[in-house]
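# Notes for the structure review
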Amino acid sequence: MDRPPATSFTIAVEPNVPRRLARLDELANNLWYSWDRQTRRLFSLLHRGLWEATGNSPKAFLKRVDEQRLIEAAADPVFVANFNRALSAYDSYHDEPSRQNGAEWLRQTDKVAYFCAEYGFHESFPIYSGGLGILAGDHCKAASDARMPFVAVGLLYRQGYFSQTIDGEGNQHATYGDSDYDDMPIVPLTGADGAEVMVEVEFPGRSVRLKVWSARCGHVTLYLLDSDVESNTAADRAICRRLYGGDRTTRIEQEIVLGIGGVRALRALDIAPTVWHINEGHAAFLVLERMRELTVSGLSFDTALEAVAVNTVFTTHTPVPAGHDHFSDAMIGTYFQHFAGQLKLDHAQLMGLGHGMGNGDFNMTALAIRGSRFQNGVSKIHGGVSAEICRELWPELKPEENPIDYVTNGVHVPTFLAEQWTELFERYLGPDWFARQRDAEFWKRIDDVPDHLFWSVHQTLKSRMLDLVGYVTRVQHLRNSGSEAHLDRLLKYADPTDPNVLTIGFARRFATYKRATMMFNDLDFLRDLITDAKRPVLFVYAGKAHPADIPGQDLIRRLHEISRTPGFEGRLLLLEGYDLRLARRIVSGVDVWLNNPVYPLEASGTSGMKAGINGVLNLSVLDGWWGEGYDGSNGWGIKPAALHLDDARRTREECQTLYELLQDQVIPMYYERGASGFSPRWVRMARRSIATLLPRFNSGRMVGEYLQKFYHPASLQWRRFSEGGFVRAGELAQWKARVRPAWAGVTARRLDQPKKSLRFGEGVQIEVAVQLNGLTPDDVVVELTLARQTQYEKLKQPQRLAFESTGLRTDQGEHRFALDLTPELCGRLEYRIRVYPHPALLTPPFELGMMIWL
């Protein structure tokens, strides 16, 4: 008789933490550990193997470590001393009340609410996929450093993003595993009655309940919404299961949970933001929810829109039109039919909020722009690209004058600067180096660091990186049934005991526009270049392609194929399982950081910043942030080929530039070694990389710019517009309702005869007649722009000079405007005259997108 197999039961036994070490739990539950290495080291000291096995997760580690080990540690004076030092640093950071970096401009009652679909703090908290999440995590960390009144809102994913393996044929395999929330640094929120905080969002024919969790990140709290609630249906419980997973239905439901559920969660917690920041369009539905709150309280739709938009900031990270989230009108109608009535809109008006971005669908970027008054791209180049993509929303403006600004991204220095550099900076720059990270003059003092010590730090980091590269390669190779003997051949040039081979790193998402295989366009030429026995080169590649991105996965297969060909075996290592831990090692340990995207599709990019602040030299296309960071002495720039060329031709030309830089500059300079065993010129350029990039591309500078450009002005506008029951919002809405229908009939003509020349110091009166079509002179600005007549844009620097109403009219009833112009420049000048609507209440001057030129 066959008996059933034995049933396996599981029971978790957690250790009792000795009273002396009780605050280990506090350290494990604050994401401050994600940038404080001293705290992470504490857990590692208790049991290195378990620390690695738990994915460097303090909370998971603390649940599994043997109690006897904790008892021994509590009696160990060395461990206790380390523990006390970590606590001292933790308490000093969290007890510091004074706001910094511009946060002091905000009032005590102000609060910034930051919404994003993903956050990348640390590999132990897998609710991120890539650059957007890492950037959001760094934004939160910098806000904490500044003691800014700031909360963040996101989604809690049970599975997060996928884990990657690469098989022996170069095929990427994506696996998803459920996270144990008990192992994550989060807690469910409870109300005064002890019940868990829940909010509801309405979906077609049903309501979905959402549980609210919180995570601490220094001084900042992150609130996460979770649909995995027992009372929901199985389908609804799975809404937040997977980051960027599922179909269009899953996508819109996740974005409703984030935008609408996020607002309701803050209301349930009695948090009243005075500034709302939509980081990418995923959260744009918060605009509709905030407007609904106001319309159901009695405001008109137009007034509610003005009240909501005036303190909303929108950041776009997408450099191509197709990358902006959009949904069919039918889908929006299905999910928001109930909203239209509450917003006092008909279906067409609701759809109009998201139309105007080219493809006819309801576009989340269009909704975010219409529902905000502060918009930005994430680099200077990307700001221009975004202005061009969104030009339809301001139809009468030139793209360079529409309201889209830019704030170039930055990276959180304590997170990504290697500890060895921190120790060196404290020794030679002083203990206040972090407080002065934005002081460019201060960073010139890095020249005081002796060359041999500078190089020693780099080589130490390179050895640590190669050690991890070897480990990952070994696991990957043996799992794919490779032999030990062949492994030695693969790792010949990745020797942590002899880190003297020029190592070039490329690690990022494998999207096609990033051109991961461009370096290998001409295999014969490259093979000859890198196989010189006296000047060998090693390439380290890592990254994931989205499971639905077949062309991206093809790039991985192609790299794998190349890595197995003669001349490249052992010289090209393709690593699986790219995550934050591997990223930190690679960006600090390689010699050169390669980035060769298709211009201008790199919105910003931050991996090169992380490399640059660690003294790694960038070799990159002059796109995104590197278009601002490169100065000719801190790395190498690949000038983009002409935009009118086809993609293949552009790639060939830029690859030729890349090869020339490698052959003529990069490789010779690295191997130009003196008596001390390193290249003095290389060290000089690496110093220059740190000195020029760290003070400019840190997240403290980035958040400071958001404060100056957006958060502070938005908070001031909110106070103005919300006073007296939103009286000013109503006034502005009524003014726009009067201006929009009249604008088509506004015309202008010049009354005086234009002069051809003047002597310097002479003036001329220019007079313009404007048919205002029922508007008043106070409703418009008549303006002259004056600049040098030149083909060089940088030399134009136009002046803007406003005309004044004379109070007189022409015989045709036109209003007369005059300007006394006395040019302050000599040479050939070019001027133009324009008219646009602008009351004092408008936030950006060209908000309406209306303008006529003479």
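Above this text you will find the structure in question.
Report on the accompanying structure. What you are looking at is a predicted structure, and each value in this text was computed from that prediction instead of being measured.

## Topic: the overall build of the protein chain
When you go through the protein chain residue by residue, the secondary structure sums to 28 helices and 28 strands. Computed over C-alpha atoms, the radius of gyration of the protein chain comes to 29 Å, within 12% of the 29 Å expected from 2.2 N^0.38 for 854 residues, which places it in the range of a compact globule. Dimensions along the principal axes, computed over C-alpha positions, put the protein chain at roughly 100 × 70 × 55 Å. Each of the 854 residues in the protein chain was classed as buried or not, and the buried ones make up 58%. In the protein chain, of all internal contacts separated by at least 6 residues, the share reaching a separation of at least 24 is 73%. For the protein chain, the accessible area works out to roughly 35100 Å², and carbon and sulfur atoms hold 49% of it.

## As for the nonpolar core
A general tendency of soluble globular proteins is for nonpolar side chains to be buried together. Ranked by internal contacts, the top residues of the largest apolar core, which has 177 residues, are Phe285 and Tyr711. For this core, the element with the most residues is helix H27 (residues 699–743), which contributes 16 residues. For tyrosine 711, the contacting residues outside a window of four places in its chain are Leu106, Val112, Tyr114, His139, Met148, Phe150, Val275, His277, Val313 and Tyr706.

## A word on the packing of helix H9 (residues 248–268) against helix H10 (residues 286–295)
At a minimum axis separation of 7 Å, H9 and H10 run at an interaxial angle of 50 degrees. By the angle class used here, H9 and H10 are oblique. Considering the relative orientation of H9 and H10, their crossing is right-handed. Of the residues in H10, those in contact with Gly259, Ile260, Val263, Arg264 and Arg267 of H9 are Leu286, Glu289, Arg290, Arg292 and Glu293. Class assignment of the residues belonging to the contact of H9 with H10 gives a composition of three nonpolar, one polar and six charged.

## Quick word on unusual backbone geometry
The omega angle of the peptide bond from tyrosine 599 to proline 600 is 0 degrees, so this bond is cis rather than trans. With respect to the helices and strands, proline 600 occurs in the loop between strand S18 (592–595) and helix H23 (607–613). One non-glycine residue, asparagine 56, lies in the positive phi region at around 60 degrees. Relative to the assigned elements, asparagine 56 resides in the loop between helix H3 (48–53) and helix H4 (58–64).

## Some remarks on the side chain of threonine 503
As for its placement among the helices and strands, threonine 503 is situated in strand S15 (residues 502–507). The buried category is assigned to threonine 503, whose relative accessible area is 1%. Among the polar contacts listed, one links the side chain of threonine 503 to the backbone oxygen of valine 501, at a separation of 2.9 Å.

## What to know about the sheet that holds strand S26 (residues 815–821)
What the four strands build is an open sheet, ordered S21-S22-S26-S25; its pairing is antiparallel. With partners counted over all chains shown, the strands left at the sheet margins are strand S21 (747–750) and strand S25 (804–809), one partner each. Strand after strand, the sheet turns through a mean of 30 degrees between neighbouring axes, direction not considered. Here S25 pairs with S26 via three bridges, running antiparallel. When the sheet's bridge partners are listed, glutamate 804 is paired in S26 with alanine 818.

## Here's the deal with the packing of helix H20 (residues 523–530) against helix H25 (residues 647–670)
At their nearest, the axes of H20 and H25 sit 11 Å apart, and the two run at 5 degrees to each other. One finds that H20 runs roughly parallel with respect to H25. In this structure, H20 contributes Phe525, Leu526 and Leu529 to the contact, and H25 contributes Tyr659, Leu662, Gln663 and Ile667. Its residues assigned to classes, the contact of H20 with H25 comprises six nonpolar, one polar and no charged.

## Examining the pairing of strand S2 (residues 150–155)
By the criterion of burial, S2 is predominantly enclosed, with six of the six residues buried. Side chains of S2 alternate between two faces, with Phe150, Ala152 and Gly154 and Val151, Val153 and Leu155 buried alike. In this structure, strand S1 (residues 112–115) lies alongside S2, joined through four bridges in parallel fashion. Residue tyrosine 114 lies in a different strand from S2, and its bridge partner there is alanine 152.

Criteria and thresholds
Along every chain, residues carry numbers that run from 1 in the direction the sequence is written. Owing to the predicted nature of the model, reporting of local features is limited to residues with pLDDT of at least 70; listing and counting of side-chain atom pairs is limited to 80 or more, with chain, interface and lining totals taken over all residues. To obtain the side-chain values, all non-hydrogen atoms of the structure were included, while hydrogens and water were left out. Put simply, DSSP marks the helices as runs of H or I at least four residues long and the strands as runs of E at least two long, and each gets a number from the N terminus on. The size measure is the radius of gyration over C-alpha atoms, and the globule rule it meets is 2.2 Å times the number of residues to the 0.38 power. Burial classification: accessible surface area is computed with a 1.4 Å probe over protein chains only, and a residue below 20% of its type maximum counts as buried, one above 50% as exposed, and the rest as partly exposed. By definition, residues are in contact when any of their heavy atoms lie within 4.5 Å. In these tables, accessible area is a Shrake-Rupley quantity obtained with a 1.4 Å probe, and a residue counts as shielded only by the protein chains included in the view. The nonpolar core is taken to be a set of buried Ala, Val, Leu, Ile, Met, Phe, Trp, Tyr and Cys residues, with the residues joined through side-chain atoms within 4.5 Å. The angle between two axes is taken between their N-to-C directions and runs from 0 to 180 degrees, where each axis is a line fitted to C-alpha atoms and a helix contributes only its stretch in contact. Should an angle lie under 35 degrees it is considered roughly parallel, over 145 roughly antiparallel, and from 65 to 115 roughly perpendicular; all remaining angles are considered oblique. By convention, the crossing between two helices is left-handed when the near helix turns anticlockwise from the far helix through less than a right angle, and right-handed when the turn is clockwise. The residue classification treats Ala, Val, Leu, Ile, Met, Phe, Trp, Tyr, Cys and Pro as nonpolar and Asp, Glu, Lys and Arg as charged. All others, Gly included, are polar. The definition of a polar contact used here is a pair of N or O atoms within 3.5 Å, where within protein one atom must be able to donate a hydrogen and the other to accept one, and adjacent residues in sequence count solely through side-chain atom pairs. Between any two strands, pairing holds if DSSP finds at least two bridges.

In short, the description is geometric, and any link to function would need to be established separately.
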